[in-house]
Amino acid sequence: MEPPFIGKVALVTGAAAGIGRASALAFAREGAKVVVADVNVEGGEETIALCRALNTDAMFVRCDVSQRDEVERLIALAVDTFGRIDFAHNNAGIEGVQAMLADYPEEVWDRVIEINLKGVWLCMKYEIRHMLKQGGGAIVNTSSVAGLAGSRGVSAYVASKHGIVGITKAAALEYARNGIRVNAICPGTIHTAMIDRFTQGDPQLLAQFAEGEPIGRLGSPEEVANAVIWLCSDKASFVTGATLAVDGGRLA
Ligand code: NAI
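Quick notes on the rules
Residues numbered from 1 in each chain as written. Predicted model: local features only at pLDDT ≥ 70, side-chain atom pairs only at ≥ 80, totals over all residues. Heavy atoms only, no water. Near = heavy atom within 4 Å. Polar contact = N/O pair within 3.5 Å; in protein donor to acceptor, adjacent residues only side chain to side chain. Helix = DSSP H or I, 4+ residues; strand = E, 2+ residues; numbered from the N terminus. Phe/Tyr/Trp six-rings, centres within 6.5 Å; stacked < 30°, edge-to-face > 60°. Buried < 20%, exposed > 50% of the residue type's maximum accessible area, 1.4 Å probe, protein only. Pairing = 2+ DSSP bridges. Axes fitted to C-alpha atoms, helices over the stretch in contact; angles between N-to-C directions. Contact = heavy atoms within 4.5 Å. Right-handed = clockwise from strand over helix to strand, strands pointing away. Parallel < 35°, antiparallel > 145°, perpendicular 65-115°, else oblique. Left-handed = near helix turned anticlockwise from the far one by under 90°. Nonpolar A, V, L, I, M, F, W, Y, C, P; charged D, E, K, R; others polar. Lys, Arg positive; Asp, Glu negative; His and termini not counted. Salt bridge = Lys/Arg side-chain N within 4 Å of Asp/Glu carboxyl O.

A. Structural detail: the site of the ligand. Around the ligand lies a shell of 30 residues, among which D38, N91, Y157, I190 and T192 are the nearest. A distance of 2.8 Å is found between an oxygen atom of the ligand and a backbone nitrogen or oxygen belonging to I190. R197 is positioned with one of its side-chain polar atoms (N or O) 2.9 Å from an oxygen atom of the ligand. Listed by contribution, the elements that provide at least two residues to the shell around the ligand are α1 (18–29), α5 (155–175) and α6 (193–199). The element that contributes the greatest number of residues to the shell around the ligand is α6, accounting for 4 residues.

In structure tokens:
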């Protein structure tokens, strides 16, 4: 049987590593051509090599999602090269620092909001302009369990991820009649470089995180990617404006 996304084009931001890379590879496995965007050139080039090894076409664009001109260029290059953008996974994000709100450094606050929240808005802005022209598409934004519940010591991250849930719902309502579905995924603790930075490689802290998940282990980037693929597929044709927790039961 032919893979379901043959002839389709998927764009993934933050795809040089972690969840974004897993998502890019999952789209490639489904037969889509993949546009990999990231600030990390080396990791991005690795991801496109891995996609091509799965027999699909892939391109890398260096792009800082917080910069309007770079996002505009990313979408233009993707359309020039592959002709369309059927699926967009707006996933690039940073964790910021751990500090109580009253001590949170303003420059880190601004950067977290610029990348995590403004970045998703900018990507959607230019993706949707193109999707309106081509007659539809599906967008998945990476929020977090921290987009649906509070968490101590990471107020900027929590605010940015709640903001993503908000603009996801707003965009879903605005474009529901244009064939554009917009959903958010809310991962729990997923074993990526972000978590290694957060736990500073402390195996005890990592074990504590795993214990905190009702399912008793950390999630894998591939488990998140599976949810992204489903949300982009026709099987989710009546799903828009939703927030899908991929969290081993944490929010339950
Ligand atoms: P990661 O740190 O492994 O990957 C993030 C990627 O985003 C990196 O390749 C990085 O270079 C890229 N990036 C950072 N700033 C960028 C910018 N300004 N423009 C373009 N690319 C940029 O992290 P991970 O874990 O794969 O995270 C991916 C997304 O999932 C993030 O939005 C994160 O907040 C979210 N998330 C992660 C969870 C986890 O437990 N790992 C849990 C919930 C959400």
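B. Seen up close, the packing of aromatic side chains. The tally for this structure, following the rule as stated, stands at 5 aromatic pairs. Relative to F87, the ring of F5 has its centre 4.5 Å away and its plane inclined at 40°; by these criteria the two rings are tilted. Here F87 lies in strand β4 (residues 87–90) and F5 lies in the segment before β1 (9–13), a separation of 82 residues in the sequence. Residue F87 is classed as buried on the basis of its relative accessible area of 6%. Centre to centre, the rings of F27 and F87 are 5.8 Å apart; their planes meet at 15°, and the pair counts as stacked. Taken together, the residues F27 in helix α1 and F87 in strand β4 connect sequence positions 60 residues apart. Comparing F27 with F87, the two get one shared label, buried. One aromatic cluster is present, built from ring pairs that chain together F5, F27 and F87.

C. Focus on the sheet that holds strand β2 (residues 33–38). One open sheet accounts for 7 strands, arranged β3-β2-β1-β4-β5-β6-β7; its pairing is parallel. A strand with exactly one partner marks an edge of an open sheet, and here the two such strands are β3 (58–62) and β7 (243–246). With direction set aside, neighbouring strand axes in the sheet form an average angle of 20°. Contacting β1, β2, β4 and β6 (180–187), α1 crosses the sheet at an angle of about 170° to β1.

D. Spatial organisation of the pairing of strand β5 (residues 137–142). Across the 6 residues of β5, 6 count as buried, placing the element largely inside the fold. Residues G137, I139 and N141 line one face of β5 and the alternating positions A138, V140 and T142 line the opposite face, and both faces are buried. For β4 and β5, the ladder comprises 4 bridges, and the chain directions are parallel. Counterpart to A88 in the pairing with β5 is I139. Following the backbone out of β4, through helix α4 (residues 106–134) and into the adjacent parallel β5, one traces a crossover that is right-handed. When β5 meets β6, the two strands line up parallel, connected through 6 bridges.

E. Quick peek at the packing of α1 against helix α8 (residues 221–232). With their axes 8 Å apart at the nearest point, α1 and α8 run at an angle of 50° to one another. In terms of orientation, α1 lies oblique with respect to α8. Pair α1 / α8 crosses with right-handed handedness. In contact with G18, I19, A22, S23, A26 and F27 of α1, α8 contributes P221, E222, V224, A225, V228, I229 and C232. Residues belonging to the contact of α1 with α8 are distributed by class as follows: 10 nonpolar, 2 polar and 1 charged.

F. The arrangement of the side chain of R181 in detail. With respect to the element layout, R181 can be found in strand β6. One buried charged residue, R181, remains without a salt bridge, the closest side chain of opposite sign being D234 at 5.7 Å. Sequence-distant contacts of R181, that is, excluding residues within four places in its chain, are made with G137, A138, I139, L231, C232, S233, A236, S237, V239 and T240.

G. Expanded view of the pattern of salt bridges. Counting across every chain of the model gives 9 salt bridges. A salt bridge links E72 to R68; its shortest N-O distance comes to 2.8 Å. With E72 and R68 both in helix α3 (residues 68–82), this residue pair falls 4 residues apart, about one helical turn. For E72, a relative accessible area of 34% gives the class partly exposed. Accessibility expressed as a relative area gives 44% for R68, which makes it partly exposed. Between R197 and E95 there is a salt bridge, with the nearest N and O atoms lying 2.7 Å from each other. Here R197 is found in helix α6, whereas its partner E95 is found in the loop between β4 and α4, with 102 residues between them in sequence. Residues joined by salt bridges that share partners form a network here, namely D64, R111 and E114.

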